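Spelled out, the chains give:
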Amino acid sequence: MLEAGDKLPKLTLSDDEGEKVSTYDLAGEYLVLYFYPKDDTSGCTSEAEQFRDLMPKFKRKKVAIVGVSRDSVASHQKFKEKYDLNFPLLADTESKLCNAMGVIVEKNMYGKKSMGIQRSTFLVDAKGKILKVWPKVSVTDHAADVLAAIP
């Protein structure tokens, strides 16, 4: 997994509108790039709603929020609409950004092993430098923790 001090990989993915977006086009003064396993699941929905609800406070600090999962553009559109999400979601269907950031890990669910996204968040500055990393995120109060860490 990338760490504080590393550079954000420069990759292009589709956003929830199907538009091509470079990771370097995302940042304002700061970028919160959070990786989550699956659209419209309980933990992922709770995390997204927290970021949605705190968006005015993030905006005051000039922070852009972007969610990333391996779901499709169509899945992101439904998820975003259903929960009135007010930030972009990137469709990393080929795991390019997930692999570059190091968030794909082996998971063990009821004895069945698979590769999946480890819920993780990265705070990135305007020059693409990673300032802070939250690996193995616990959803409870996560967005508030991220907000508190931004200068």
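Here the structure is a predicted model, which means the values were calculated and not measured.

(A) Spotlight on the sheet that holds strand 1 (residues 12-15). The strand order 2-1-5-4-3-8-9 describes an open sheet built from seven strands, whose pairing is mixed. In this open sheet, the two strands that pair with only one neighbour each are strand 2 (20-22) and strand 9 (130-134). The average undirected angle you get between the axes of adjacent strands in this sheet is 30°. Of the strand pairs in this sheet, strand 3 (residues 30-35) and strand 4 (residues 63-69) are connected by six bridges, and their pairing is parallel. Paired with Val32 across the bridge in strand 4 is Ile65. The strands touched by helix 3 (residues 73-82) within the sheet are strand 1, strand 4 and strand 5 (89-91), with strand 5 carrying the most contacts at an inclination of about 160°. Across the sheet, helix 5 (residues 142-149) touches strand 3, strand 8 (120-125) and strand 9, and the angle it forms with strand 9 is around 155°.

(B) Representation of the pattern of salt bridges in the model. Under the counting rule described, the total for this entry stands at seven salt bridges. Among the ionic pairs, Arg52 bridges to Asp53, the shortest N-O distance being 2.8 Å. Glu94 is paired through a salt bridge with Lys96; the nearest N and O atoms lie 3.5 Å apart. Assessed through its relative accessible area of 57%, Glu94 is described here as exposed. The network of salt bridges with shared partners includes Glu49, Arg52 and Asp53.

(C) Summary view of the packing of aromatic side chains. Counted by the stated rule, this structure contains seven aromatic pairs. Between Tyr34 and Phe87 the ring centres are 6.0 Å apart and the planes differ by 65°, which places this aromatic pair in the edge-to-face class. Here the residue Tyr34 occupies a position in strand 3, and Phe87 occupies one in the loop between helix 3 and strand 5, the gap between them amounting to 53 residues. No difference in accessibility class separates Tyr34 from Phe87, as the two residues are buried. Note on Phe79 and Tyr83: the rings are 5.6 Å apart at their centroids and 70° apart in plane angle, and the pair reads as edge-to-face. Accessibility classification places Phe79 together with Tyr83 in one group, the buried group. Through successive ring pairs, a cluster of aromatic residues spans Tyr34, Tyr36, Phe51, Phe58, Phe79, Tyr83 and Phe87. When the ring centre of Trp134 is taken as origin, the NZ or CZ atom of Lys132, which lies over that ring, is 5.1 Å away.

(D) Just the packing of helix 1 (residues 42-53) against helix 5, in detail. The contact between helix 1 and helix 5 brings their axes to 8 Å, and the two run at 45°. The orientation of helix 1 with respect to helix 5, classified from their angle, is oblique. Contacts between helix 1 and helix 5 pair Glu47, Gln50 and Phe51 from the former with His142, Ala143 and Val146 from the latter. Broken down by class, the residue content of the contact of helix 1 with helix 5 amounts to three nonpolar, two polar and one charged.

(E) Representation of helix 5 in the model. Within helix 5, the full set of buried residues consists of His142, Ala143, Val146 and Leu147. Here the buried residues of helix 5 occupy an arc of 140° about the axis, which is enough to place them on one side. Tucked inside the fold, the buried residues of helix 5 contact strand 3, helix 1, helix 2 (55-60), strand 8 and strand 9.

Parameters at a glance
Within each chain, residue numbers correspond to sequence positions counted from 1 in written order. The model is predicted, so local features are restricted to residues of pLDDT at least 70 and side-chain atom pairs to those at 80 or more, both for listing and for counting; the totals for chains, interfaces and linings are taken over all residues. Working from all heavy atoms in the structure, the side-chain values ignore hydrogens and water. Strand pairing is defined by DSSP finding a minimum of two bridges between the two strands. Under the DSSP-based scheme used, a helix requires at least four consecutive residues in state H or I and a strand at least two consecutive residues in state E, with every element numbered from the N terminus. Orientation is described by lines fitted to C-alpha atoms, with helices fitted over the stretch in contact, and by angles between N-to-C directions that extend from 0 to 180 degrees. Throughout, a contact is declared for two residues whenever any of their heavy atoms are within 4.5 Å. We define a salt bridge as a contact between a side-chain nitrogen of Lys or Arg and a carboxyl oxygen of Asp or Glu at a distance within 4 Å. Partly exposed residues are those whose accessible area sits between 20% and 50% of the maximum for their type, while under 20% is buried and over 50% is exposed, using a 1.4 Å probe and protein chains only. Aromatic rings from Phe, Tyr and Trp, with only the six-membered ring used for Trp, were paired whenever their centres fell within 6.5 Å, and each pair was classed as stacked if the ring planes differed by under 30 degrees, edge-to-face if by over 60, and tilted otherwise. By the criterion adopted, a ring carries a charge over it if an Arg CZ or a Lys NZ lies within 6 Å of its centre and within 35 degrees of its normal. Orientation labels follow simple angle bins: below 35 degrees gives roughly parallel, above 145 gives roughly antiparallel, 65 to 115 gives roughly perpendicular, and whatever is left gives oblique. Any residue that is not Ala, Val, Leu, Ile, Met, Phe, Trp, Tyr, Cys, Pro, Asp, Glu, Lys or Arg is counted as polar, Gly included; the first ten are nonpolar and the last four charged. Throughout, the arc means the angular range of directions from the helix axis out to the C-beta atoms.

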